[in-house]
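So the chains spell out like this:
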Amino acid sequence: MDWGMRNRMARLLPPASGRTVMLAVDHGYFMGPTRRLENVRATIAPLAPHADVLALTRGVLRTSVDPTITTPILLRVSGGATVLKEDLSHEALTTTVREAHRLNVAGVALSVFVGAPHEHESLVNLAQLVEAGEETGMPVVAITAVGKELEKRDARYLALACRVAAEIGAHLVKTYYCDGFDKVVEGCPVPLVVAGGPKLDSERAALELAHDAVAQGAKGVDMGRNIWQSDHPVAMLKALRAVVHDGATVREALDVLEGERARDRAPTPSVAA
Ligand code: R5P
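Model, not experiment: these values are computed from the prediction.

Turning next to the overall build of the chain. Secondary structure assignment for the chain yields 12 helices and 10 strands. The C-alpha atoms of the chain give a radius of gyration of 18 Å, which matches the 19 Å a tight globule of 273 residues would have. Burial status across the chain gives 47% buried among its 273 residues. Long-range contacts, defined as pairs at least 24 residues apart, comprise 66% of the intrachain contacts of the chain with a sequence gap of at least 6.

Below, the structure is given as C-alpha cells:
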C-alpha cells in the first residue's frame, strides 16, 4: 500500500487502538433537514472535537465546517435519490476523487445497494471509485445500504453485501450490526464499522449495539442519529469512545454517560468578587 493510502487509512482508523468513532452527519443528502440536524453547523460544532472522523457531504463541509478543523473527514460521494421516491438505490457518483483531494479528506464513501433495483449501477460506481482511489491514494468506504427495507439487516444478507463490496476493492465497509454479526465479520477481508440506524429506544441500547459489534470484530462505529438525536449528544459520544477505544463494558459506558450528564447539569461556578 502506498504511503498516501496508508496515511489516510490511519486517519480513518487511528493506530492507537486500531478502532474508530466516526460521527455520521451526511443524512441530509437524501433525507433533507433531519430532526436535530436541521442546523448542521450547530450540531457538528460541539461534537467534532470528540469524533475520530466526520462523515459528511462536500456541501456541508464547505458551508458548515471551519477549514481549520483537524478532525479527519470521510466524504460521501454518492447520491441522486431522495426519501420522496420509493427506490433509494438509484444513485450515481456525485463528487469526484479530484474534488476529494482538493478538500484534503481522509477517505470517500458511497452506498452500495445489493439486491436492490439499481444494484448493478451501485456496484459499478464502487469499482470506478476504487480505480480512482487506488490511483491517487484515496481509501474507499462502501456502505451496505438497505434503503427503506430495514428488515434486510440480517447476517446472511449483510455477509453477502459486505463480501461483495470487499471483493470489488473497498478498503473499509460500513454495515449494520445484526444477530450473527461474527459471521459477517468472518466473511469480510477488510475492516468493518457499523452504523447505528434510526434512533433506538435508549442510550443503553445504542451502547449495547456498539459494544456487541466491537466484541464480535467491528473496528468501530459510524453513527449519527443515536448520537445527535440524544438529549446529551456529547456525553453519548464520550460513552461510545469508552466502548470502542477503551474496551468499556456497557455498564462502564453508562457511568461515563451519567458523569457527563451530571457535569452538564452542574451550575457554573460564579467568579469570586
Ligand atoms: C445514511 O444516511 C448514512 O450512510 C449514515 O451515515 C449512516 O446510516 C449512519 O448514520 P446512523 O447511525 O444515523 O444510521
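Text resumes after the structure shown.
This part covers the pairing of strand β9 (residues 192-195). Alternating residues of β9 divide into Leu192 and Val194 and Val193 and Ala195, and every residue in both groups is buried. As judged from the four bridges shared by strand β8 (residues 172-176) and β9, these two strands associate in the parallel manner. Bridging from a neighbouring strand, lysine 174 pairs with valine 193 of β9. Note on the crossover from β8 through helix α8 (residues 181-186) to β9: the handedness is right-handed.

Below, the discussion takes up the site of the ligand. Looking at the ligand, there are 13 residues lining it, with Ala24, Ala195, Gly196, Gly224 and Arg225 nearest. Contributions of two or more residues to the shell around the ligand are made by β10 (220-223) and α10 (225-228). The residue makeup of the shell around the ligand, split by class, is five nonpolar, five polar and three charged.

By size, the foremost hydrophobic cluster in this structure holds 84 residues, and its most contacted members are Leu74, Val108 and Leu240. At eight residues, the largest contribution of residues to this core is made by helix α11 (residues 233-246). Apart from the residues within four sequence positions on either side, leucine 74 is in contact with Leu12, Met22, Val53, Ala55, Val105, Ala106, Gly107, Ala109 and Val141.

β8 sits mainly inside the fold: five of its five residues count as buried. Burial along β8 is two-sided: the residues Leu172, Lys174 and Tyr176 and Val173 and Thr175 are all buried. Pairing between strand β7 (residues 140-144) and β8: three bridges, direction parallel. Looking at the pairing, isoleucine 143 lines up with lysine 174 of β8. Running through helix α7 (residues 155-168), the crossover from β7 to the neighbouring parallel element β8 is right-handed.

The subject of this paragraph is the packing of helix α9 (residues 203-215) against helix α12 (residues 250-265). α12 packs onto α9 with a crossing angle of 135 degrees between their chain directions and a minimal axis gap of 10 Å. Regarding the angle of α9 to α12, the classification is oblique. The element α9 and its partner α12 pack so that their crossing is right-handed. Residues Glu203, Arg204, Leu207, Glu208 and His211 of α9 lie in contact with α12, whose contacting residues are Val250, Ala253, Leu254 and Leu257. Class assignment of the residues belonging to the contact of α9 with α12 gives a composition of five nonpolar, one polar and three charged.

Note on backbone geometry: most residues besides glycine have negative phi, and most peptide bonds are trans. Its identity is not glycine, yet arginine 36 carries a phi of approximately 75 degrees, on the positive side. Within the secondary structure layout, arginine 36 lies in the loop between α2 (28-31) and α3 (40-47). Given 18 C-beta atoms within a 10 Å radius, arginine 36 is considered partly exposed. The residue asparagine 104 is not glycine, and still its phi comes out positive at about 60 degrees. Considering the arrangement of structural elements, one finds asparagine 104 in the loop between α5 (97-102) and β6 (107-112).

Scoring rules and cut-offs
Residues numbered from 1 in each chain as written. Predicted model: local features only at pLDDT ≥ 70, side-chain atom pairs only at ≥ 80, totals over all residues. Helix = DSSP H or I, 4+ residues; strand = E, 2+ residues; numbered from the N terminus. Rg over C-alpha atoms; globule rule 2.2 N^0.38 Å. Buried ≥ 20, exposed ≤ 12 C-beta atoms within 10 Å, placed from the backbone. Contact = placed C-beta atoms within 7 Å. Pairing = 2+ DSSP bridges. Right-handed = clockwise from strand over helix to strand, strands pointing away. Near = placed C-beta within 6 Å. Nonpolar A, V, L, I, M, F, W, Y, C, P; charged D, E, K, R; others polar. Core = buried A, V, L, I, M, F, W, Y, C linked by C-beta atoms within 7 Å. Axes fitted to C-alpha atoms, helices over the stretch in contact; angles between N-to-C directions. Parallel < 35°, antiparallel > 145°, perpendicular 65-115°, else oblique. Left-handed = near helix turned anticlockwise from the far one by under 90°.

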